[in-house]
Amino acid sequence: MKLLIAGTSGLDTIETPFGRKENILGGSGIHASISASFFGPLSLLSIVGEDFPTTQVDFLEGRGIDTRGIKKASGKTFHWEGSYEYDMNHAHTKKTDLNTLLNFDSRLSPELKKAEYVFLANLDPDLQLMVIEQLEAPKFIAADTMNFWIESKRSSLHKLIKKVDFMLLNEGEARQFMETPNLPLAGRRILELGAKGAIIKKGEHGAVVFTPDAFFSAASYPQEELKDPTGAGDSFAGGFIGYLAQSGDLSPGNIRTAVIFGSVMASFNVEDFGPDRMRRLTHREIKKRFDEFKRFSHFDEEEKCWKNLNW
Ligand code: AMP
C-alpha cells in the first residue's frame, strides 16, 4: 500500500452550539483516513477496543481503507470529550480517556513498511517515531500533534520534527510549541528544528505554508454551514496527503495544490457532526469547491493595477 496513515480511532462526545453527540466515530486516524480515501486507497494503523462498532469498520472498508492494521484489543476504545463555544476555532477538551490507546501496537507488517507516503496523525510522538523507524523507503512523511502532547512530550516532538518532511500544526499549537505569538516566527522555528516544511492551520481563516524558500497562504472558505469543527485538522491532512500520494508529485506547485485539497476537505468536514458530512460527500462536490477556492484566491494581474494607478 502506497499511503499509510497512523492515528487514533476514537469514540467522541462532542458539544457545540448546534448540539451534543455522544460516542460518535472520531479519532485523528479515522478523520484523516476518511478524507484521504476520496483520493485513493490507503492503510490505517490504529487500535480500538471491544466497544468499537463493527459497522464503523465496515464503513471504513467500504471507503477503500485497508483496516487490517486496526488492532482490536480488550477494553474500551480511546474516548475524547470536547466542547466548542461560538468561536469554534478552539476546542475545549473536557476529558481524554486513552483506554486501549495505551496498547497501541506500532509494529508495521512487511507490506506497511514499504509505504511511500505516510501521515502520522495526532498520536503519542514516541509511537509516531517508532513508525518512522520501520519505514524502508518513505518518499514523504507528514506529522501532526496537539497541545496534549506538546505539554507532556516536548522532547519527543523535537526528535519527531527532525524526521518528517512536513509538520502540521494548528495556530494555537504552533504558538504554544514554538513559544512565540508570531506565526511566521513559529513557522521559521519549525524549519530550524529540522522539518522541510511547516503548515500552520488557521481554522476558518485558511492555512499558511512555510518552506525554506517559499511562503504560501491558502484562502479561507466563507463557510456558513459550520456545525462541528472536530476533525477539521485531520481532514485537512487527509486531503493533503491523499492528493500527494495519488499524484506522486512533490514539486512545490503541487504541494500548494495539495494544501488547497486539504482546505477543501476540512471545509466539508465541519458541516456536520463527526465525519457525517463525509459519509455523503461526492467527488463532484469536491471538484466544485476546489474551483471556488481557486476563484476566491484569484486577483487581477499586476500590470492592469499599475496602469489604473498610473504610478
Ligand atoms: P482535530 O482534527 O484536531 O479536530 O482532531 C479531532 C480528533 O482528535 C477527535 O476525533 C479526537 O478523537 C482526537 N483526539 C483528541 N485528543 C487526542 C489525543 N490526545 N491524541 C490523539 N487524538 C486525539
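Residues numbered from 1 in each chain as written. Predicted model: local features only at pLDDT ≥ 70, side-chain atom pairs only at ≥ 80, totals over all residues. Heavy atoms only, no water.

Draft legend 1. Expanded view of the overall build of the protein. The helix and strand tally for the protein stands at 13 helices and 14 strands. Its C-alpha atoms give the protein a radius of gyration of 19 Å, within 12% of the compact-globule value 19 Å for 311 residues. Dimensions of the protein, computed from the C-alpha atoms along their principal axes, are close to 75 × 40 × 35 Å. Within the protein, buried positions represent 54% of all 311 residues. Pairs at least 24 residues apart make up 63% of the contacts formed inside the protein by residues separated by at least 6 positions. Only carbon and sulfur atoms are counted for the fraction: they give 51% of the accessible area of the protein, which is about 14,400 Å². On the protein, the mean spot of the 38 positive side-chain charges and the mean spot of the 43 negative ones are 3 Å from each other. (Helix = DSSP H or I, 4+ residues; strand = E, 2+ residues; numbered from the N terminus. Rg over C-alpha atoms; globule rule 2.2 N^0.38 Å. Buried < 20%, exposed > 50% of the residue type's maximum accessible area, 1.4 Å probe, protein only. Contact = heavy atoms within 4.5 Å. Areas by Shrake-Rupley, 256 points an atom, 1.4 Å probe, with all protein chains shown as cover. Lys, Arg positive; Asp, Glu negative; His and termini not counted. Charge placed at Lys NZ, Arg CZ, Asp CG, Glu CD.)

Draft legend 2. Looking closely at the sheet that holds strand S8 (residues 92–97). Judged by pairing direction, the sheet is mixed, and its 4 strands sit side by side in the order S3-S2-S7-S8 without closing on themselves. Looking at the sheet topology across the chains shown, the edges are occupied by strand S3 (19–26) and S8. Ignoring which end each strand starts from, the neighbouring axes of this sheet average 15 degrees apart. Note that strand S7 (residues 78–83) and S8 share 5 bridges and pair antiparallel. (Pairing = 2+ DSSP bridges. Axes fitted to C-alpha atoms, helices over the stretch in contact; angles between N-to-C directions.)

Draft legend 3. Focus on the layout of surface pockets. The space that makes up the second largest pocket amounts to roughly 230 Å³. Residue classes in the lining of the second largest pocket are distributed as 9 nonpolar, 2 polar and 3 charged. (1 Å grid on protein atoms, 1.4 Å probe; cavity = no way out; pocket = protein on both sides within 12 Å on 5 of 7 lines; lining within 4 Å. Points joined across faces, edges and corners; volume = space filled by probe spheres on them. Nonpolar A, V, L, I, M, F, W, Y, C, P; charged D, E, K, R; others polar.)

Draft legend 4. Looking closely at the site of the ligand. As a matter of local geometry, the ligand sits amid 18 residues, with Asp12, Gly27, Asn122, Gly231 and Asp234 nearest to it. In this structure, Asp12 approaches the ligand through a side-chain N or O atom, which is 2.4 Å from an oxygen atom. Contact distances for the ligand include 2.7 Å between an oxygen atom and a backbone N or O atom of Gly27. Coverage of the ligand by the protein chains reaches 90% of its 510 Å² of free accessible surface. Mapped by element, the contributors of at least two residues to the shell around the ligand are helix H1 (28–36), S7, helix H5 (147–152) and helix H9 (232–247). Sort the elements by how many residues they give to the shell around the ligand and H9 lands first, with 3 residues. In terms of residue class, the shell around the ligand is built from 7 nonpolar, 9 polar and 2 charged. (Near = heavy atom within 4 Å. Polar contact = N/O pair within 3.5 Å; in protein donor to acceptor, adjacent residues only side chain to side chain.)

Draft legend 5. Expanded view of the pairing of strand S13 (residues 207–211). Burial analysis of S13 places 4 of its 5 residues in the buried class, which makes it a mostly covered element. The antiparallel hairpin formed by strand S12 (residues 197–201) and S13 contains 5 residues in its connecting segment, where Gly203 sits at a positive phi of about 55 degrees. Two strands pair when backbone bridges link them, and S13 and strand S14 (residues 214–218) are joined in this way by 5 bridges, in the antiparallel orientation. Considered in S14, the bridge of Val208 is made with Ser217. Hairpin remark: S13 followed by S14, antiparallel, with 2 residues in the connecting loop.

Draft legend 6. Just a nonpolar patch on the surface, in detail. Residues Trp306, Leu309 and Trp311 make up a contiguous nonpolar surface patch of roughly 410 Å² in combined accessible area. If you trace the backbone, Leu309 turns up in helix H13 (residues 302–309). (Patch = residues over 30% accessible without salt bridge, like charges linked within 9 Å, V, L, I, M, F, W, Y side chains within 5 Å. Salt bridge = Lys/Arg side-chain N within 4 Å of Asp/Glu carboxyl O.)

Draft legend 7. The arrangement of the pairing of S3 in detail. Two strands pair when backbone bridges link them, and strand S2 (residues 10–16) and S3 are joined in this way by 6 bridges, in the antiparallel orientation. Bridged to Ile14 within S3 is Lys21.

Draft legend 8. Structural detail: the packing of helix H6 (residues 154–163) against helix H7 (residues 171–178). Where H6 contacts H7, the two axes come as close as 12 Å, and the packing angle between them is 105 degrees. Here H7 runs roughly perpendicular to H6, going by the angle between their axes. Judged by residue contacts, Arg154, Leu157, His158 and Ile161 of H6 engage Gln176, Phe177 and Met178 from H7. Here the residues of the contact of H6 with H7 are counted per class, giving 4 nonpolar, 2 polar and 1 charged. (Parallel < 35°, antiparallel > 145°, perpendicular 65-115°, else oblique.)

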